[in-house]
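The residues making up each chain are set out below.
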Amino acid sequence: MVLVGLLAFSAVDSRGQVFRDAEVRDVLRSVEESSQFRFLYRDALLAGRKVSVTLGSDPVGEVAAALTAIGLGVRVDADREQVLVYPLSEPASPAPEVRLEGFVLDDQSGARLPHATVTWLDDQGELRGVACNEAGYFETTLPSASEEQLTVSYLGFESRTVSVSMGDGPLEISIRLAPQPLQSREVVVAGTILHTDLDTTWQHLIQPGVMAPLGESSVLRSLSTLPSVSLSAALSDGVSVRGSKSDGFQVLLDGLPVYSRSHMFGLFDAFNEDALQAVGFYYGIAPASYQAPPGGTLAFLTRTGSQERVAGTIGASNTSFKGTLEGPALGGRGSWLVSGRLSYLDDLDWFNNDVLVAQGLDIGRETSLEPAGPARAQVLNGSANYHDVHAKLLFEGADGGRLTASGYLGGDRASQEGERRFRGPNQAAGHLTQGLSEWGTMVGGLQYQRSLQGRGFLSVIAGASRYDGAYSNSSLVARVRRNDAGAAAPEVRLDQFANDNLLVQMRLAPEWSYERAGLWSLGADLNLLSAEYEESTSRRADYRLAGNAGQLDAYVAWASARTGPARFNLGLRSHYFTWGDHLRLSPRAEMRVGGEGPVSMSVGFSRNHQFVHQLEVQPVLESAPDVWILSSDTESPGRVDYFTGGIYLRPSSRVFLQAEGFLKEYQNLRLHESANPDGNVSLQGELNNPYLPNVDGSAKGVEVMLRHRTGPLLWSHGYTRSKTVYTNPRVLDGREFAVSWDRRNQYTASVETGWRGFSTSLTWYLASGIPNPLRFVNQAEAERLPSFSRLDGGVSWQRQFGSRAVMVGFSVYNLTDRNNVWYRTLVPTAISGPTDNLMVTDVEGVDVYDLGLHPSFELSIRF
């Protein structure tokens, strides 16, 4: 059907162009260039279609008639100067409600926009809406006699309103949004009501491109502005969410797990921001469709390439070069994208790059030792590099079905050599110390997504992940036995530590979702896993653990319709793990009351299980590559019972306040012997493995967040009061102890603003100190380390020049150059014995500092 108001188009310019057997998209672009009208369509729908038309005094009407002649539906909104182009469907019998489905797209590239929001007002004037899924697809039902004004929003894009008449039966619409240049890849915080289906006012809670205090945009680091994420040092690869240790935090790339998340000891993400489309962060009650370990899920999506033209981006930071190239395939039915990043740390030593390596490998870390004092390390030489490559292919059918193939390859290698000076039996002695850290990971898979024409939406993921890491350090300090007398100088020695880890996972995950009285989701998740771990010290015989397992999950989830005073999200996920025949159930339930009103509340419960575990090692090894092992026939899977609730206040469109509380009860966690606060070798005579498998614990806390606008300034404040403790019968006689990441109080404040292409941010972090591990050695030591305070700042500028754009950014980590204590440890000052068994005769308690003032830059050019 064609709806054309001829009088409305009389003012449209006509160039008298004649098209003979021309590509439809070329014709539409010509009309857009000579008028204010914009056509809304999917690229694959028009790919390969040709028309013949002469543009006269009414070019929009003439093009609409030509499209109708080749079997396409057209609806013209003269008031908003928009034209919907959609595939025709069979006429439907009259019904009180009609199905509406569609896609939200990038107007320049044709790429889908995941998690975009589509809203409208119902007959009572209440705000209603729906959120797109990861494929940029949405589906809903509307009254058949209605004419709706749909408003579509997505961060970094201009909102658009489309008028849709529902009287003609089922309809597919494609809505194209105009992008802003070089927008940041936002984080959709799906674990909180801050990001709701109907309101995008606060959706840009986290923008890694604005806050890049180490030169590379980092989602993991930017998460620390949330009160739910514990503050950590610069060189920390783990993320602790609401008390959960870092292995309880899952990272997915295009639906596949990634087991190494950061480059350069945790300084920045292992993923190139230029290759990302969107990010979802689930820290609350996650949907049953996610495995959902105890600490939540961070889900990355690789963006698809442009289906319109060949484009690219090149850039550099103070640590790496990067570039991205993309373009159309199959005449617009598909696209391709390749993006890579390569460090030049070994070639250009500027902006204190050498300090990063010394800090990471524990050779030359900044400490409270006197510069010329004993045991102060002298760095001799070092080397460091990292790389990552993203690739994605897209093939899209005229029916909206999509097949994507994506892959990722990344890795690090850092080595350093130094010399420590000690007082020997007769004279000063030098001890050569070496450190090596390297890891590599590969992820690749296929994903098929398709609307089933009124029977739901199908998504199938198939792929594999591979991770390997290795670490060695030749001069770690270890206590030989526990010192019950609590003397200041327990018996210690210099030790060597080395480990090697391999983890391979293959995944097949089909899911079917259907909108009927709410959104139903049914799915299965089959995983085949293989893990190997080796560890050696001079006091323990070489240890090796290897195993294979299969894991089959099945789930059902239901989210109630977005009407009425209350919303429900219910789900049940079952797990069967073959190594040990473990069968577990994970129920999920959440209720939210109040909707989009000025006051709303939520309450939820979930039980989550964990079958793949990361071993936490002592802080001196914290920058070592991750270590992953599996549950087994003798070690039960981890489990957490999770309770949460909150109240949310929206007194005005410029103010948002939320307060949330949580309680987690853990069972069967893993704790490496080096992280045992009772002495890092006190259990070696008792344990067959270098870790405890049956650690229990609890985490509880209250979080408050306030966001408000004052003129052009956007302010964010977050405060957390929390407590996380563990227990184990073999540690401290079964008494509970605070974990190493336990900060009882944490406060963050940030302010952002923008003006004429400039964006600036300033963030202050303040937190109480973590537990002091030397307290268990010497009761004279303080129970906790000093408080942590850091100020980060950044400014960026971007400018559009036609189809080209330039972005320049400069940022500073730790603007005040404060010596924040990262951890506290024993450092030997005098040694004795043969070189292969150096016993320590004197030690000193030393504060090891976080990274000091560190400037960085970033430059990006899009063409």
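Residues numbered from 1 in each chain as written. Predicted model: local features only at pLDDT ≥ 70, side-chain atom pairs only at ≥ 80, totals over all residues. Heavy atoms only, no water.

## Overview of the overall build of the chain
Alright, step 1. A tally of helices and strands in the chain yields five helices and 46 strands.
Alright, step 2. Looking at the 863 residues of the chain, the share that counts as buried comes to 58%.
Alright, step 3. A separation of at least 24 residues holds for 67% of the contacts in the chain among residues at least 6 apart in sequence.
Alright, step 4. Accessible surface computed for the chain: about 32,400 Å², of which carbon and sulfur atoms make up 55%. (Helix = DSSP H or I, 4+ residues; strand = E, 2+ residues; numbered from the N terminus. Buried < 20%, exposed > 50% of the residue type's maximum accessible area, 1.4 Å probe, protein only. Contact = heavy atoms within 4.5 Å. Areas by Shrake-Rupley, 256 points an atom, 1.4 Å probe, with all protein chains shown as cover.)

## Re the nonpolar core
Alright, step 1. In this structure, Leu 223, Phe 249, Phe 271, Phe 281, Leu 298, Phe 300 and Leu 630 are the most contacted members of the largest nonpolar core, which totals 37 residues.
Alright, step 2. Broken down by element, the residue count for this core peaks at three residues, all from strand E14 (residues 249–253). (Core = buried A, V, L, I, M, F, W, Y, C linked by side-chain atoms within 4.5 Å.)

## As for the sheet that holds strand E9 (residues 137–143)
Strands pair in a sheet through their backbones, by hydrogen bonds, and they do so in one of two ways: parallel or antiparallel.
Alright, step 1. Strand order in this open sheet of three strands is E9-E6-E12, and the pairing throughout is mixed. A single partner strand is all that each edge strand has here, and the edge strands are E9 and strand E12 (171–177). Averaged over neighbouring strand pairs, the angle between their axes works out to 30° when direction is ignored. (Pairing = 2+ DSSP bridges. Axes fitted to C-alpha atoms, helices over the stretch in contact; angles between N-to-C directions.)

## Observations regarding the sheet that holds strand E10 (residues 147–153)
Alright, step 1. Across the sheet, four strands lie side by side as E8-E7-E10-E11; this open sheet has antiparallel pairing. Pairing within the sheet leaves two strands with one partner each, and these edge strands are strand E8 (127–131) and strand E11 (160–165). The sheet shows a mean angle of 25° between the axes of neighbouring strands, taken without regard to direction.
Alright, step 2. Two strands pair when backbone bridges link them, and strand E7 (residues 117–121) and E8 are joined in this way by five bridges, in the antiparallel orientation. Residue pairing for E8: Thr 119 is matched across the bridge by Gly 129.

## Focus: the side chain of Ser 244
Alright, step 1. Here Ser 244 is to be found in the loop between helix H4 (219–222) and E14.
Alright, step 2. Taking relative accessible area as the criterion, Ser 244 reaches 1% and is therefore assigned buried.
Alright, step 3. Setting aside its immediate chain neighbours within four residues, Ser 244 contacts Val 239, Pro 294, Gly 295, Lys 664, Tyr 666 and Trp 741.

## Looking at a nonpolar patch on the surface
Alright, step 1. Together, Val 310, Ile 314, Leu 325, Val 808, Leu 859, Ile 861 and Phe 863 line one region of the surface with nonpolar side chains, adding up to about 540 Å² of accessible area.
Alright, step 2. With respect to the helices, strands and loops of the structure, Val 808 is situated in strand E43 (residues 804–813).
Alright, step 3. For Val 808, a relative accessible area of 38% corresponds to the partly exposed category. (Patch = residues over 30% accessible without salt bridge, like charges linked within 9 Å, V, L, I, M, F, W, Y side chains within 5 Å. Salt bridge = Lys/Arg side-chain N within 4 Å of Asp/Glu carboxyl O.)

## What to know about the packing of aromatic side chains
Alright, step 1. Throughout the structure, instances matching the rule amount to 17 aromatic pairs.
Alright, step 2. Seen from their ring centres, Phe 103 and Tyr 137 are 5.5 Å apart, and the 55° between their planes marks the pair as tilted. Within this pair, whereas Phe 103 is found in strand E6 (residues 97–106), its partner Tyr 137 is found in strand E9, the two being separated by 34 residues in sequence.
Alright, step 3. Judged by its relative accessible area of 2%, Phe 103 is buried.
Alright, step 4. Judged by relative accessible area, Tyr 137 falls into the buried class, the value being 4%.
Alright, step 5. Each member of the aromatic cluster is reached from another via a ring pair, and the members are Phe 103, Tyr 137 and Phe 457.
Alright, step 6. Residue placement shows Lys 664 over the ring face of Tyr 642; its charged tip is 4.8 Å from the ring centre. (Phe/Tyr/Trp six-rings, centres within 6.5 Å; stacked < 30°, edge-to-face > 60°. Lys NZ or Arg CZ within 6 Å of the ring centre and 35° of its normal.)

## Re the environment of Glu 62
Alright, step 1. One can find Glu 62 in helix H3 (residues 59–69).
Alright, step 2. In this structure Glu 62 comes out as partly exposed when scored by relative accessible area, which is 24%.
Alright, step 3. Setting aside residues up to four positions removed in sequence, Glu 62 forms contacts with Val 53, Thr 54, Leu 55, Gly 56 and Ser 57.

## Quick look at the confidence of the model for the chain
Alright, step 1. Averaged over all residues, the pLDDT of the chain equals 81, while 83% of them reach at least 70.
Alright, step 2. The low-confidence segment residues 190–205 (pLDDT under 50) makes 71 contacts with residues lying over four places distant or belonging to another chain.
Alright, step 3. Here residues 482–489 is a poorly scored stretch, pLDDT under 50, and it has twelve contacts once near neighbours within four places are set aside; other chains count. (pLDDT = per-residue confidence, 0-100.)

## Points about the pattern of salt bridges
Alright, step 1. Scanning the model with the defined rule gives 34 salt bridges in all.
Alright, step 2. Close ionic contact of Arg 592 with Glu 590 constitutes a salt bridge, the shortest N to O distance being 3.4 Å.
Alright, step 3. Residues joined by salt bridges that share partners form a network here, namely Arg 25, Asp 26, Arg 29, Asp 43, Asp 107, Arg 176 and Glu 308.

## Here we look at unusual backbone geometry
Alright, step 1. In this structure, Asp 733 is a non-glycine residue whose phi angle is positive, near 55°.
Alright, step 2. Relative accessible area serves as the criterion here: at 64%, Asp 733 is assigned to the exposed category.
Alright, step 3. We note that Arg 756 has phi near 50°; this positive angle belongs to a residue other than glycine.

## What to know about the packing of helix H1 (residues 24–33) against H3
Alright, step 1. As a packed pair, H1 and H3 sit with axes 10 Å apart at the nearest point and diverge in direction by 165°. Here H1 lies roughly antiparallel to H3, going by the angle between them. Read as a crossing pair, H1 and H3 show a hand that is left-handed. Residues Val 24, Val 27, Leu 28 and Val 31 of H1 form the contact with H3, whose participating residues are Pro 59, Val 60, Val 63 and Leu 67.
Alright, step 2. Residue composition of the contact of H1 with H3, grouped by class: eight nonpolar, no polar and no charged. (Parallel < 35°, antiparallel > 145°, perpendicular 65-115°, else oblique. Left-handed = near helix turned anticlockwise from the far one by under 90°. Nonpolar A, V, L, I, M, F, W, Y, C, P; charged D, E, K, R; others polar.)

## Quick look at H3
Think of an α-helix as 3.6 residues a turn; residues three or four steps apart then line up on the same face.
Alright, step 1. Where H3 is concerned, the buried positions are Pro 59, Val 60, Gly 61, Val 63, Ala 64, Ala 66 and Leu 67.
Alright, step 2. Check the buried side of H3 and you find it contacts H1, strand E2 (38–40), strand E3 (50–54), strand E4 (72–77) and strand E5 (82–87).
Alright, step 3. Phi for Gly 71, located one or two positions after H3, is positive at around 90°.

## So, the environment of Val 739
Alright, step 1. Mapped onto the fold, Val 739 is located in the loop between strand E39 (737–738) and strand E40 (745–755).
Alright, step 2. Distance from Val 739 to Tyr 726, taken between C-alpha atoms, is 6.6 Å for residues 13 residues apart in sequence.
Alright, step 3. Apart from the residues lying within four places of it in its own chain, the contact partners of Val 739 are Thr 724, Val 725, Tyr 726 and Pro 771.

## Examining the pairing of strand E22 (residues 334–343)
Alright, step 1. Relative to E22, strand E21 (residues 320–329) runs antiparallel, the two being bridged by ten bridges. Directly across from Gly 323, in E22, lies its bridge partner Gly 340.
Alright, step 2. Hairpin geometry of E21 and E22 is characterised by an intervening segment of four residues between the two adjacent antiparallel strands and by a positive phi of about 55° at Leu 330.

## Observations concerning the pairing of strand E36 (residues 655–672)
Alright, step 1. Here twelve bridges tie strand E35 (residues 638–652) to E36, and the two strands are oriented antiparallel to one another. Within E36, the position partnered with Ser 652 by the bridge is Val 655.
Alright, step 2. What sits between the antiparallel neighbours E35 and E36 is a turn of two residues.
Alright, step 3. Pairing of E36 with strand E37 (residues 691–710), which is carried by 15 bridges, proceeds in the antiparallel orientation. For Tyr 666, the partnering residue across the bridge sits in E37 and is Gly 697.

## Remarks on the environment of Gly 410
Alright, step 1. Here Gly 410 is to be found in strand E24 (residues 402–423).
Alright, step 2. Judged by relative accessible area, which is 2%, Gly 410 ranks as buried.
Alright, step 3. Sequence separation between Gly 410 and Thr 441 is 31 residues, and the spatial gap between their C-alpha atoms is 5.5 Å.
Alright, step 4. Setting aside residues up to four positions removed in sequence, Gly 410 forms contacts with His 387, Asp 388, Trp 439, Gly 440 and Thr 441.

## As for H1
Alright, step 1. Burial within H1 is extensive, with seven of its ten residues counted as buried.
Alright, step 2. What H1 keeps buried is the set Val 24, Arg 25, Val 27, Leu 28, Ser 30, Val 31 and Glu 32.

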